[in-house]
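Observations on the model geometry
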Amino acid sequence: MKLAGALAKQKLVWGPCFDLPPGTPPPPKLAGVTCTKVQVPRDWKNPGNGKIWNVKISYVSNISTDDPRHKGTIFTNPGGPGSAGIQLPIMLQEGTVDLKPYYNFLGMDPRGVGESDPATCRVTTTEPGSIEALNKIVAPICAANEDVKTINSQQTAYDMDFIRGLLKEPKMNYIGYSYGTWLGSTYASLFPSKVEHMYLDSAADVTKPTLQSTQEFQYVARDRSFALHLANYISRHDDLYKLGTIREDIVKRYFAATAKLDPAVVKTMWTLDGGLSGLANNNFIKVSANTVATLVRMGEQPAPAATGSSSDTAQALIASLDAVKADPETPPSVKQTAADASAAAAPLVGTAPDEPKTFDFTDSQNFIRCGDGQWTQGAGYYASLATRMRTLAPLNTQIGLVENPPFCAFFPTSNLNPVAPKNFPKVLFGQSEFDAQVGYESGLASVKGLPGAKLLAIDNEGTHGLFPYGTECFDRPIIDFFLTGKLPSKKVTVCQAKPLPGETTTYESGNQLDARGRGSVTLLPRTPSQTEALSALRKQLDLAIFDTTIAPQVRQKFGDKGVEIARKNVE
């Protein structure tokens, strides 16, 4: 607080978070929800320079801080990096009724994100070419920008501790998803004595100096989810997808069929119809299965070629999908997917990639992930990586998710991720075996590398962003941790996944994580309001995945208009 100087004396003015029509009472879920903007030093390394950022936060008040039952305020982050977090606590606390009577919840749009002040670097270029060419121009300019240099996890961690102090909360309680695990670990490394309870869900490898290794392992993790988890599911439902009953043969058939299609058509199909989101959320595994089945049928019949323009790509995709719809042998679920994807692609006809000239660049995702620590610089390393990934991650390579090279390859920084101190607090992690966004091994490495950390793992689960999951085995230890401070006794506790959609049994997709962790799945009872809240929570996490994984692919081919169209399909 002393670092902030006069800002430590600011009075927070709370008001509504969302605009409602005049005279409209807020819905029940917004009762007790208020928002404000907090002024924070722009640069915590030089807080006396007079410059500030405005950071927007939301606060869900469930219990008076004077009530003896009050245990604190749980800060939250949905990930990204670069995802807005104002709505997350509203839905999270509705889905965790065991915690709601004791905790208030706080969300924030971190500096540079959402409705908080953005950092902007102005770029002048007539380069309409590849993403690599644009990155080479834009990244060094942004890396040298003094405001951009303050958009990183360490600065945000100081914001969090400052807000904690303004709220007069003696300790930090925190739940973070995906990148939010990296942010939480950064806070715990900088302020270990201030952490009360911290749960990190779907974790990056927080023991590494940068996010680069987590990003690169994502390629392998997503392909593993496709080739084992998804393909196994398809093999058990030959009645729906008509692709056979042997997992290995389905994978081979997919790649053989899609090799006959224009690569841009394949990429557009995956990114447009929600197939990638289905890989990251087991609730939508049927969407991914239908994407695979549709692409196989597209490739196994004559398909029109695309000349390379975005409009041609959309037209070629529609023509192939129409052929699939017309084929009497196409299974009903695949016909429906083809019809939906064709309708979604129709507005893309006539679109074109944006051609940048002079523009303001406000990409907080890249500012944060590149500014948190030095990535390997230059194009050479990433060209070699892309070559290796053709074998290790053929699906990622096909869809264009292997960055060659990424923005961070041209973004020099002297910032270093803080090393976890010896008094790093006790932290609980949660990880799924087939997480396609961050590999299971990332969470395992974090737990092994941090003193006192414990892991809850879910065998045969592929969802990214787990809690509240809905089983006693997984949710209860997290709830008990926040209520009592007690962690599981074992370093790693393995729970069993819930059955996948349309199934009543949980099947083994890969190697069994731990024989002692297997058993029947005891579901937690859910009220209708909880079910609605959990659905909304899952939707926000899915949109975070869309914004950080899918949107860049669509934007590259179809510009901002294409992203707008694709996002509506995900919503």
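Scroll up for the structure.
Described below are features of the structure shown in this document. (Residues numbered from 1 in each chain as written. Predicted model: local features only at pLDDT ≥ 70, side-chain atom pairs only at ≥ 80, totals over all residues. Heavy atoms only, no water.)

**Focus: the environment of Gln437**
By the element assignment, Gln437 lies in the loop between strand S9 (428–432) and helix H16 (440–449). Residues Gln437 and Ala204 lie 233 residues apart in sequence; the distance between their C-alpha atoms is 9.3 Å. (Helix = DSSP H or I, 4+ residues; strand = E, 2+ residues; numbered from the N terminus.)

**Focus on the pairing of strand S10 (residues 454–459)**
Of all 6 residues in S10, 6 are buried, a share of seventy percent or more. Of the two faces of S10, both are covered, the one formed by Lys454, Leu456 and Ile458 as well as the one formed by Leu455, Ala457 and Asp459. Sheet topology note: the S9/S10 ladder contains 5 bridges and is parallel. Of the residues in S10, the one forming a bridge with Leu428 is Lys454. Between S9 and its parallel partner S10, the chain crosses via H16, and the hand of that crossover is right-handed. The pairing of S10 with strand S11 (residues 492–496) spans 5 bridges and is classified as parallel. By the bridge assignment for S11, Ala457 is matched with Val494. For the segment spanning S10, helix H17 (residues 472–484) and S11, crossover handedness is left-handed. (Buried < 20%, exposed > 50% of the residue type's maximum accessible area, 1.4 Å probe, protein only. Pairing = 2+ DSSP bridges. Right-handed = clockwise from strand over helix to strand, strands pointing away.)

**Considering the nonpolar core**
Ranked by size, the top nonpolar core spans 72 residues in total, and within it Phe367, Phe411 and Phe429 carry the most contacts. Apart from the residues lying within four places of it in its own chain, the contact partners of Phe367 are Ala119, Cys121, Cys142, Val148, Ile151, Phe361, Thr362 and Phe411. Counting residues in each nonpolar core, the second largest holds 51 residues, with Tyr233, Tyr254, Leu276 and Val292 among its members. (Core = buried A, V, L, I, M, F, W, Y, C linked by side-chain atoms within 4.5 Å. Contact = heavy atoms within 4.5 Å.)

**Things to note about the state of the cysteines**
For the structure on display, the rule yields 4 disulfides. The disulfide that involves Cys370 links it to Cys408, with 2.0 Å between the sulfurs. On the sign convention where negative means left-handed, the S-S torsion of about -85 degrees between Cys370 and Cys408 marks this disulfide as left-handed. Here Cys408 lies in the loop between helix H15 (394–399) and S9 and Cys370 lies in helix H13 (residues 364–371), a separation of 38 residues in the sequence. In this model Cys473 forms its disulfide with Cys495; the gap between the sulfur atoms is 2.1 Å. In this structure the cystine formed by Cys473 and Cys495 twists about its S-S bond by roughly -85 degrees; its chirality is therefore left-handed. Taken together, the residues Cys473 in helix H17 and Cys495 in strand S11 connect sequence positions 22 residues apart. If you count the bonded cysteines of the protein chain from the N-terminus, they pair up as 1-2, 3-4, 5-6, 7-8. (Disulfide = S-S within 2.5 Å.)

**Observations concerning the sheet that holds S11**
Read from one edge to the other, the open sheet built from 9 strands follows the order S1-S2-S4-S3-S6-S7-S9-S10-S11, with strand pairing classed as mixed. Because the sheet does not close on itself, it has two edges, and the strands there are strand S1 (33–41) and S11. On average, each strand axis in the sheet is tilted by 20 degrees relative to the strand beside it, whichever way the strands run. Judged from the 4 bridges that link them, strand S2 (residues 52–60) and strand S4 (residues 103–108) form a sheet pairing that is antiparallel. Paired with Ile57 across the two strands is Met108, which belongs to S4. Contacts from helix H3 (residues 153–166) reach S1, S2, strand S3 (72–77), S4 and strand S6 (172–177), with the element oriented near 120 degrees to S1. (Axes fitted to C-alpha atoms, helices over the stretch in contact; angles between N-to-C directions.)

**Details of the pattern of salt bridges**
Going through the model one piece at a time under the given rule, you end up with 18 salt bridges. With a closest N to O distance of 3.1 Å, Arg42 and Asp147 form a salt bridge. Of this pair, Arg42 sits in the loop between S1 and S2 while Asp147 sits in the loop between helix H2 (131–143) and H3; the two residues are 105 residues apart in sequence, bridging distant segments of the chain. What makes Arg42 buried here is its relative accessible area of 18%. As a salt-bridge pair, Lys56 and Glu115 come within 2.7 Å of each other at their nearest N and O atoms. Linking Lys56 in strand S2 with Glu115 in the loop between S4 and strand S5 (121–124), this pair joins segments that are 59 residues apart in sequence. The exposure class assigned to Lys56 is buried, which follows from its relative accessible area of 8%. Three or more residues are tied together by salt bridges with common partners; here these are Asp98, Glu472 and Arg476. (Salt bridge = Lys/Arg side-chain N within 4 Å of Asp/Glu carboxyl O.)

What is shown is where atoms sit, not what they do.
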